[in-house]
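Residues per chain, in single letters:
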Amino acid sequence: MRRYRADSAGLMQRLHREYGDVTRFRVGPYVMHQVTDPALIKDVLHDNIGTYRRGRVFHGFELFFGIGTMTTDGEQWRTLRTAGQPFYRTGFLNESVPVIAGTVTELLTRWDGLAARGEPVDIVPEMMRLAMGVVSRVLYGHDLTHRADELIPAGRFALSAIFPGSPELILPGWVPGPHRRRLRCAQAAFDNAMDEVITAHEHGRTPPDRMAGTLHAVTDPETGRSFNRQQVLDELKTHFIAGNETTGCGLAWTLYEIARHPDVHSRLCAELDDVLCGRTPAMADLAKLPYLRQVVNESLRLHPPVPMTPREPVHDIELGGYRIPAGSTIFMSQHTVHHDPAHWPDPDVFDPGRFDPDRPGPGRYTYFPFSGGPRRCIGAPLAEIEIQIAVAMITQRYRLSPLPHHPVETDSMISLRPRHGVVMAVEAR
Ligand code: HEM
């Protein structure tokens, strides 16, 4: 258990190397399997979805996400997924680009001061704050960044607490102690923030077509009644938590890799200067920035912000010639597949050339940072646009350099986060 929580991604890679594409292991009371064959991953995520449910791992998610798109199955999930979909369509996202760019501009203004004073910055909390500003402004029409100082640590705590084997999951709810208190504080941070969003909506202080408004109009398939306040709050939390940590990690890793690779930095700057001539990118520009896309794709390959995607078979099944019992957990492992030398030569090397549009692209489930099938990440279109715009604007303005004595290590739990942050020097270009 301790080994798994300390370095689950490393342990999963070793299991794959030593035992192959389907492996069984135990973490405390959990019977788990890792699946790394792209054909079998497709089978689970896409071809036979009726055979699998969210299952035990996602029960832990309910502590923070509540009952929403992330944690439900069947008709409940379908209703919520349908309600969320309009916020990730091209038209809505197109209109949201100025909001995203405006949020990045605020960050640049703050960093101008740091650059002038020669102060380094930990880009991890900075990117979490940026992602928080984007999700709350775009989806809710209500900025929550004034709560960043309590929400960022709450997000970090939440994703550790819901990871299999955490004390929060193992200890019964009535056991008092620091874990229980921290759990309640983190839950309250999210609940209070979403309560603020709903109250702002009720007082007409948010545009009526944003998420709180549309969710109030959804009919619960089980009761036939409109969603109540708690249901709206849970679904708002779901998009908020799912969209912050993941996008924040994706952004931080991308900036780190650009900073470590001067050749990549130069080529990216040349593309940005050619196409944008110093102006803020618009949606139409993104199609003209193929190298930017390659860099982001390669970063999501090397450091997939969600390192594995769990499912649970509803009955005993056979997968790849192995019997998998009902109620056990199957992890489709993005991190292991993205580092498998059978699919990716020199897998630990950061090489955006792998995604050169003139080269054959990766197989569908050899590269799947957003998962796949009907439950593929609903927020992927927003995340992709947000990361590209933020990376473009930050790279246009600054050269970032990692501080030589600051260790950058991977902490792999529900998300793949730099364990000690990523501290960088910020210099105007
Ligand atoms: C780089 C950023 C992101 C990555 C790598 C990522 C990855 C993922 C993955 C792997 C899943 C699990 C899918 C499955 O169970 O098969 C997921 C689900 C989800 N993500 Fe994301 N995500 C990102 C950003 C976002 C954003 C920006 C939002 C919303 C603001 C979001 C909202 C969700 C939701 C609501 C689900 C549950 C979908 C469902 O079960 O139908 N994600 N994401």
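Check the entry above for the structure.
Attention here is on the structure that accompanies the text. Predicted model, so just to flag it, every value in this text is computed and none were measured.

Criteria and thresholds
Residues numbered from 1 in each chain as written. Predicted model: local features only at pLDDT ≥ 70, side-chain atom pairs only at ≥ 80, totals over all residues. Heavy atoms only, no water. Helix = DSSP H or I, 4+ residues; strand = E, 2+ residues; numbered from the N terminus. Buried < 20%, exposed > 50% of the residue type's maximum accessible area, 1.4 Å probe, protein only. Polar contact = N/O pair within 3.5 Å; in protein donor to acceptor, adjacent residues only side chain to side chain. Contact = heavy atoms within 4.5 Å. Pairing = 2+ DSSP bridges. Axes fitted to C-alpha atoms, helices over the stretch in contact; angles between N-to-C directions. Core = buried A, V, L, I, M, F, W, Y, C linked by side-chain atoms within 4.5 Å. Donors = N, O, S within 2.8 Å, 3.2 Å for Na, K, Ca; no water. Expected span 1.5 Å × (residues − 1). Near = heavy atom within 4 Å. Nonpolar A, V, L, I, M, F, W, Y, C, P; charged D, E, K, R; others polar. Phe/Tyr/Trp six-rings, centres within 6.5 Å; stacked < 30°, edge-to-face > 60°.

### Examining the side chain of Arg354
Point 1. By the element assignment, Arg354 lies in the loop between α16 (334-338) and α17 (380-397).
Point 2. When its relative accessible area of 8% is taken as the criterion, Arg354 is described as buried.
Point 3. At 2.8 Å, the side chain of Arg354 forms a polar contact with the backbone oxygen of Asp346.
Point 4. Of the polar contacts made by the side chain of Arg354, one reaches the backbone oxygen of Val349; its length is 2.8 Å.
Point 5. Sequence-distant contacts of Arg354, defined by excluding residues within four places in its chain, comprise Glu298, Arg301, Trp344, Pro345, Asp346, Pro347, Val349 and Arg359.

### Re the sheet that holds strand β3 (residues 52-53)
Point 1. Read across the open sheet, the 5 strands follow the order β1-β2-β8-β5-β3; overall the sheet is mixed. Here the strands that pair on one side only, and so sit at the sheet edges, are β1 (22-27) and β3.
Point 2. As paired strands, strand β5 (residues 309-313) and strand β8 (residues 329-332) are joined by 3 bridges and run antiparallel to one another. Considered in β8, the bridge of Pro310 is made with Phe331.
Point 3. Here helix α2 (residues 8-19) sits on the sheet and contacts β1, β2 (30-35) and β8; the angle it forms with β1, its principal contact strand, is near 135°.
Point 4. Strands β2, β5 and β8 of the sheet are contacted by helix α4 (residues 56-65), whose axis makes an angle of about 125° with β5.

### Concerning the sheet that holds strand β9 (residues 398-402)
Point 1. The strand order across the open sheet built from 3 strands is β4-β12-β9, with neighbouring strands paired in antiparallel fashion. Because the sheet does not close on itself, it has two edges, and the strands there are β4 (121-122) and β9.
Point 2. Judged from the 2 bridges that link them, β4 and strand β12 (residues 423-428) form a sheet pairing that is antiparallel. Looking at β12, one finds that Asp122 is bridged to Val423.
Point 3. In the packing of helix α6 (residues 90-117) onto the sheet, the strands contacted are β4, β9 and β12, and the crossing angle to β9 comes to about 65°.

### Examining the nonpolar core
Point 1. With 115 residues, the main nonpolar core has Tyr4, Phe64, Trp111, Tyr140, Leu236 and Ile394 as its most contacted residues.
Point 2. Those residues in contact with Tyr4 that lie beyond four places of it in its chain are Leu11, Met12, Phe25, Val27, Met32, Phe163, Pro164, Met308 and Phe331.

### With respect to the coordination of the iron atom of the ligand
Point 1. Donor atoms from the protein around the iron atom of the ligand number only one, Cys377 (SG), found at 2.3 Å.
Point 2. Within the element layout of this structure, Cys377 appears in the loop between α16 and α17.

### Brief notes about helix α8 (residues 148-161)
Point 1. A rise of 1.5 Å per residue sets the reference length of α8, with its 14 residues, at 20 Å; its end C-alpha atoms lie 19 Å apart and thus fit the reference within 8%.
Point 2. Every buried residue belonging to α8 is among Ala148, Leu151, Ile152, Ala154, Gly155, Phe157, Ala158, Leu159 and Ala161, and all of these are buried.

### Digging into the site of the ligand
Point 1. Looking at the ligand, there are 27 residues lining it, with Trp77, Arg81, Arg311, Ser371 and Cys377 nearest.
Point 2. In this structure, Thr69 approaches the ligand through a main-chain N or O atom, which is 3.5 Å from an oxygen atom.
Point 3. A distance of 2.7 Å separates an oxygen atom of the ligand from a polar side-chain atom of Trp77.
Point 4. Every element with two or more residues in the shell around the ligand is listed here: α5 (74-84), α7 (123-140), α12 (229-260) and β5.
Point 5. Split by residue class, the shell around the ligand holds 13 nonpolar, 10 polar and 4 charged.

### Focus: the packing of aromatic side chains
Point 1. If you walk through the whole model with that rule in mind, you get 12 aromatic pairs.
Point 2. Here Phe87 and Phe92 contribute two aromatic rings whose centre-to-centre distance is 5.3 Å and whose plane-to-plane angle is 85°, an arrangement assigned as edge-to-face. Per residue, the accessibility class of Phe87 equals that of Phe92, and both read buried.
Point 3. Following the ring pairs from residue to residue traces out a cluster consisting of Phe58, Phe61 and Phe65.

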